[in-house]
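Residues per chain are reported as follows:
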Protein chains: 2
Amino acid sequence: MSNNSCNDITLSKAAKFLKKHDNYIILTHSSPDGDTLGSAYAIYYGLKEMGKIAEILCPDEIPKKYSYFAVKTERVTVDSPTVISVDLADEKLLGGLEERFRGKIQLAIDHHISNTRFAENLLLDSNAAAACEIIYELLGALKVYINDVTAKALYTGIATDTGCFKYSNVTAKTHIIASELFCYDINAAEINRLMFDTKSKRLLQLERMVLDTAEYHFDDKCIMLTVTDEMQKETGCSGTDLEGIAVISRSIEGILVGITIKQNGDREYKLSLRTFEPLDASEICKSLGGGGHKRAAGVTLSGTLEEVKNTILAEVRDNMEKANVRASSDK
Amino acid sequence: MSNNSCNDITLSKAAKFLKKHDNYIILTHSSPDGDTLGSAYAIYYGLKEMGKIAEILCPDEIPKKYSYFAVKTERVTVDSPTVISVDLADEKLLGGLEERFRGKIQLAIDHHISNTRFAENLLLDSNAAAACEIIYELLGALKVYINDVTAKALYTGIATDTGCFKYSNVTAKTHIIASELFCYDINAAEINRLMFDTKSKRLLQLERMVLDTAEYHFDDKCIMLTVTDEMQKETGCSGTDLEGIAVISRSIEGILVGITIKQNGDREYKLSLRTFEPLDASEICKSLGGGGHKRAAGVTLSGTLEEVKNTILAEVRDNMEKANVRASSDK
């Protein structure tokens, strides 16, 4: 829900706002990731340091792997606590908490350019690689003491939202903040191991099965991977477990389009596309009723697996032709 | 070969040395990686900037993926060029160039604490995550102009030697240098994609085969992966292609020891071990005649695959018992 009365505020205005109130509810987005949690906890520890009372509310269960900073917070019991959100681009992403907090968020701190301006006040920096970059600067503006756990939370948000400093959202500032966080006892290597190099046995099993389904098309410029309901059932993998599969599809040398097909019931398939220049994933998906970004987009298709594969391959072929990508049209 | 007359020199002394001479041969280590190549080319471009003549000699062919900075260098034709080495811990690692240059290296620039002090002068900083960190500071001391390609070379060395800022060798200084390199047009995301997210089709095929061999032991605290000669032949994978396989073995949740067995002819197997606390990979390998580091070590064993597996599992079991790791002894 867009809100025309949403005020864009500066870092120092946001700092003043946080000094003024005493009881805070901090909201994260659903399917919480390192950045929304890191942001929430860093601001939580900062508010505690300032003698405030604060509670973090997360629409979903917090994954155990964040337990090195994500502790259980106290309960805020006053009637009208001050409500702030972190890394939340849209109230819809509050999941089960949307009904309770819709229209009630007084300060949103975010780095998504797509922020729907739902809050009363908005501290937005769309150049920040992670919301945690903004929180780090906010804690600086508040002049609160940053302890090692706060630094770990901030580092986690920055590392996870940048693929450990790998993606195009990284700036000189990202590395400067990281260097400053290294002044604390954060054990970054251990955080990175937990975040990036720890796979469950069941996920490894799923990857093995999915690799068996690999199909190459258009002179190896396209790879197609399939995750069936049966594979998900057999391995017990679902949800965030499956995010890594789409990553595989874009990591093969020479690939211009990686397609991951995830079965979702009897005749429904969710497709994730990853593309490289000159192909546009959102163009391909849009013409089939889906959408997304230039490099990553998705669409849901109905039919048999065979039909779905033919539909997407035909669309990819059309887009390759339009983009003058030469490939034998094997499908 | 240890050399008692090796002088430890400072950054400014090394800068003076480079100003003094005019014709340079720059040596990298064999099986060149991003750090040795990034170091060699960054210093090469710096020397060119100073009007010097320089040639890079690499014992092995330079992988194509480094072509965005690793161009063909000129030939140095003078009788007695000044010979320097970068990221070279031991003259033995000169491979086919060892005979020609043994005892002739006048300046070694390195970050390996294990440097065998083979050179006349040694600029060593074992706290540097990459040799490229030292080269960056050296170029600063020389006050030479750093162009975008030099910055790309330096970033490549730092990113590759740290697993993209993931490992425990990263320091605040590493991130500071990275932030300064972001002031150039380096397109770090594209470098990182090339270095970390680009897999050959044949490697994906090999990974699929290797995952099929996964065996879990000792209550899933140990995973064992096997790469047979046949798999290598069928996929055409060898050498550096296989480095990623050992990484898989240490990335599974709850694993304390990851074993990768690589067949090397009829009855010979090269084992790579990766361990976590409290297990010591070098201890396990040492008792079988191998060696290495605490977290990564290796050993070569003879026998049938079955015999080799039993030998290493028995040794792992002994070490688990010694370290009081509780596990059902399935082997």
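Residues numbered from 1 in each chain as written. Chains lettered and ligands numbered in written order. Predicted model: local features only at pLDDT ≥ 70, side-chain atom pairs only at ≥ 80, totals over all residues. Heavy atoms only, no water.

1. Let's talk about the packing of aromatic side chains
And step 1. Summed over all chains, the structure comprises 17 aromatic pairs over all chains.
And step 2. Here the aromatic rings of A:Tyr41 and A:Phe69 are separated by 5.8 Å at their centres, their planes lie at 70 degrees, and the arrangement is edge-to-face. Taken as a pair, A:Tyr41 in helix α2 (residues 34-49) and A:Phe69 in the loop between β3 (53-57) and β4 (82-86) lie far apart in primary sequence, 28 residues in all.
And step 3. By relative accessible area, which is 0% here, A:Phe69 ends up buried.
And step 4. With a centroid separation of 6.1 Å and an interplanar angle of 45 degrees, the aromatic rings of A:Tyr155 and A:Phe165 are classed as tilted. A residue pair is termed long-range when its members are at least 10 positions apart, and A:Tyr155 in helix α5 (residues 148-161) and A:Phe165 in the loop between α5 and α6 (172-181) qualify at 10 residues. Neither residue differs from the other here; A:Tyr155 and A:Phe165 are each classed as buried.
And step 5. Grouping aromatic residues by their ring pairs yields a cluster made of A:Tyr41, A:Tyr44, A:Tyr45, A:Tyr66, A:Tyr68 and A:Phe69.
And step 6. For A:Arg193, the ring lying beneath its charged end belongs to B:Phe276, and the centroid distance is 4.2 Å. (Phe/Tyr/Trp six-rings, centres within 6.5 Å; stacked < 30°, edge-to-face > 60°. Helix = DSSP H or I, 4+ residues; strand = E, 2+ residues; numbered from the N terminus. Buried < 20%, exposed > 50% of the residue type's maximum accessible area, 1.4 Å probe, protein only. Lys NZ or Arg CZ within 6 Å of the ring centre and 35° of its normal.)

2. Considering the nonpolar core
It is characteristic of soluble globular proteins that their nonpolar side chains tend to be buried jointly.
And step 1. Ranked by size, the top nonpolar core spans 106 residues in total, and within it A:Leu18, A:Ile26, A:Tyr155, B:Leu18, B:Ile26 and B:Tyr155 carry the most contacts.
And step 2. When residues no more than four places from it in sequence are discounted, the contact partners of B:Ile26 are B:Ala40, B:Ile43, B:Tyr44, B:Leu47, B:Ala54, B:Glu55, B:Ile56, B:Leu57, B:Ile84 and B:Val86.
And step 3. Core analysis: the second largest hydrophobic core is formed by 32 residues, A:Met209, A:Ile223, A:Val227 and B:Ile245 among them. (Core = buried A, V, L, I, M, F, W, Y, C linked by side-chain atoms within 4.5 Å. Contact = heavy atoms within 4.5 Å.)

3. Details of the confidence of the model for chain A
And step 1. Across chain A, the average pLDDT comes to 93, with 98% of residues at or above 70.
And step 2. Across the whole predicted complex the pTM is 0.87, and at the interface the ipTM reaches 0.87. (pLDDT = per-residue confidence, 0-100.)

4. Notes on helix α1 (residues 11-20) of chain B
For the α-helix, the turn length of 3.6 residues means that residues three or four positions removed from each other point alike.
Residue and element names in this part refer to chain B.
And step 1. When we look at burial in α1, the residues that qualify are Ala14, Ala15, Phe17 and Leu18. Angular distribution of buried residues about the axis of α1 spans 160 degrees; they occupy a single face of the element. Exposed and oriented more than 90 degrees from the buried face of α1 are Lys13, Lys16 and Lys20.
And step 2. On its buried face, α1 sits against β2 (23-27), α2 (34-49), β4 (82-86), β5 (107-110), β6 (121-124) and α4 (131-142). (Arc of directions from axis to C-beta.)

5. Digging into the packing of α2(B) against α4(B)
Residues and elements named next belong to chain B.
And step 1. Where α2 contacts α4, the axes come no closer than 8 Å and their chain directions differ by 10 degrees. Classified by the interaxial angle, the pair formed by α2 and α4 is roughly parallel. Between α2, through Asp35, Gly38, Ser39, Ala42, Ile43 and Gly46, and α4, the contact on the second element is made entirely by Ala131, Cys132, Ile135, Leu138 and Leu139. (Axes fitted to C-alpha atoms, helices over the stretch in contact; angles between N-to-C directions. Parallel < 35°, antiparallel > 145°, perpendicular 65-115°, else oblique.)

6. Notes on unusual backbone geometry
All names here are of chain A.
And step 1. Omega for the bond connecting Glu277 with Pro278 falls within 30 degrees of zero, at 0 degrees, which places this linkage in the cis form.
And step 2. Mapped onto the elements, Pro278 comes out in the loop between β10 (268-275) and α11 (281-286).
And step 3. Residue Asp87 is not a glycine yet carries a positive backbone phi of 60 degrees.
And step 4. Turning to its location among the elements, Asp87 is positioned in the loop between β4 and α3 (98-101).

7. Quick word on the pairing of β10(A)
All names here are of chain A.
And step 1. Going residue by residue along β10, you find Tyr269, Leu271, Leu273 and Thr275 tucked away on one face and Glu268, Lys270, Ser272 and Arg274 left uncovered on the opposite face.
And step 2. Here seven bridges tie β10 to strand β12 (residues 296-302), and the two strands are oriented antiparallel to one another. Bridge pairing in β12 places Leu273 opposite Ala297. (Pairing = 2+ DSSP bridges.)

8. What to know about the relation of the copies chain B and chain A
And step 1. Rotating chain B by 180 degrees and moving it 0.0 Å along the rotation axis overlays it on chain A with an RMSD of 0.1 Å. Accordingly, the operation relating the two chain copies is best matched by a two-fold axis. Considering only C-alpha atoms, the part of chain B nearest the rotation axis is B:His175, at 2.6 Å. (Least-squares fit on C-alpha atoms with pLDDT ≥ 70 in both.)

9. Quick notes on the interface of chain B and chain A
And step 1. With 36 residues of chain B in contact, the opposing surface of chain A contributes 36 residues.
And step 2. Buried surface at the junction of chain B and chain A, both sides included, amounts to about 3400 Å², of which 64% is carbon and sulfur.
And step 3. For the pair chain B and chain A, the interface holds six salt bridges.
And step 4. Measuring nitrogen to oxygen at the nearest pair gives 3.2 Å for the salt bridge that ties B:Asp197 to A:Lys166. (Buried area = accessible area lost by both parts, 1.4 Å probe. Salt bridge = Lys/Arg side-chain N within 4 Å of Asp/Glu carboxyl O.)

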